[in-house]
Amino acid sequence: MTRFVDRGAIVAAYVGIGMALVIAVSFLLVIPIEPAYWLLAPLSGLLIGYYADARADRRAGPWLRIIGNGLFAGIVTGLSLAILLLGVKALFFAADNGFRDPGLGGPLTCQPGAGCVFARYEAQDAAGLTSAGITDVGSFSAFYWGQQFQTAGTLIAVTLAGSAGGALAFGFTRVSKGPRPTSAEQAPRG
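Bear in mind the structure is a predicted one, so any value in this text is a computation, not a measurement.

What counts, and at which threshold
Residues numbered from 1 in each chain as written. Predicted model: local features only at pLDDT ≥ 70, side-chain atom pairs only at ≥ 80, totals over all residues. Heavy atoms only, no water. Disulfide = S-S within 2.5 Å. Buried < 20%, exposed > 50% of the residue type's maximum accessible area, 1.4 Å probe, protein only. Helix = DSSP H or I, 4+ residues; strand = E, 2+ residues; numbered from the N terminus. Expected span 1.5 Å × (residues − 1). Contact = heavy atoms within 4.5 Å. Salt bridge = Lys/Arg side-chain N within 4 Å of Asp/Glu carboxyl O. Phe/Tyr/Trp six-rings, centres within 6.5 Å; stacked < 30°, edge-to-face > 60°.

(A) Quick peek at the state of the cysteines. Tallying each qualifying case throughout the model produces 1 disulfide. Paired through a disulfide, C110 and C116 show a sulfur-sulfur distance of 2.0 Å. Taking the sign of the S-S torsion, 95 degrees for the link of C110 and C116, the bridge is right-handed. Classification of C110 as partly exposed rests on a relative accessible area of 23%.

Shown next as structure tokens:
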């Protein structure tokens, strides 16, 4: 047992990193459904918060340790989800070449990267961008990344809230260790 969290919570944190990676690849790269990513963030926090204490076999002990285990695994999972989201956004931000389906008007004429992302947003809502004071690639980039970092912070918060819920659920449903059965009680009856 470490000073602040149990070893089982550290293992659970690694499981949370793997879970975040699977969720990010599934719902940001393979089938890009960002709302599913949002839905799974608090649910993964709930699961990992419970799992951290179950993995630590925390059947007895102080509530502070139970909550600490869940929050530790939750913050690692939330950070992983946020970092992966920002990484995927950065990949698509840097690699945008302006391609659009012919039914949407064909390819955009733009400088690859931030210029094409700006042109894509401008084609969707030029008046909204202008009213927000976004008139060039520089101001758009600052606005875009500000929004992405705010989104990442929210992901961390909802995952952490879910992990606190998972730790509380474990604490209220845990089964305390009873006395071990004697060898006579373990013998098969025939």
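(B) The arrangement of helix α2 (residues 34–55) in detail. Relative to the 32 Å expected for 22 residues at 1.5 Å per residue, α2 spans 30 Å between its end C-alpha atoms, a close match to the ideal helical length. The complete set of buried residues in α2 reads A36, Y37, A41, S44, G45, I48, G49, A52 and D53. Buried residues belonging to α2 abut α1 (7–30), α3 (63–95) and α5 (137–173).

(C) Structural detail: the pattern of salt bridges. Enumeration over the complete set of coordinates arrives at 4 salt bridges. Linking D6 and R58 is a salt bridge whose minimum nitrogen-to-oxygen distance equals 2.9 Å. With D6 in the segment before α1 and R58 in the loop between α2 and α3, this pair connects stretches of sequence that are 52 residues apart. Of the two residues, D6 and R58, neither departs from the other in class, the shared state being buried. One salt-bridge network, in which partners are shared between bridges, spans D6, R58 and R65.

(D) Expanded view of the packing of aromatic side chains. Applying the stated criterion to the full structure yields 10 aromatic pairs. Judged by centre distance (4.8 Å) and plane angle (25 degrees), the ring pair of F93 and Y144 falls under stacked. Here the residue F93 occupies a position in helix α3, and Y144 occupies one in helix α5, the gap between them amounting to 51 residues. When sorted by exposure, F93 lands in the same class as Y144, which is buried. Ring centres of F93 and W145 lie 5.3 Å apart, and the angle between their planes is 70 degrees; this geometry places the pair in the edge-to-face category.

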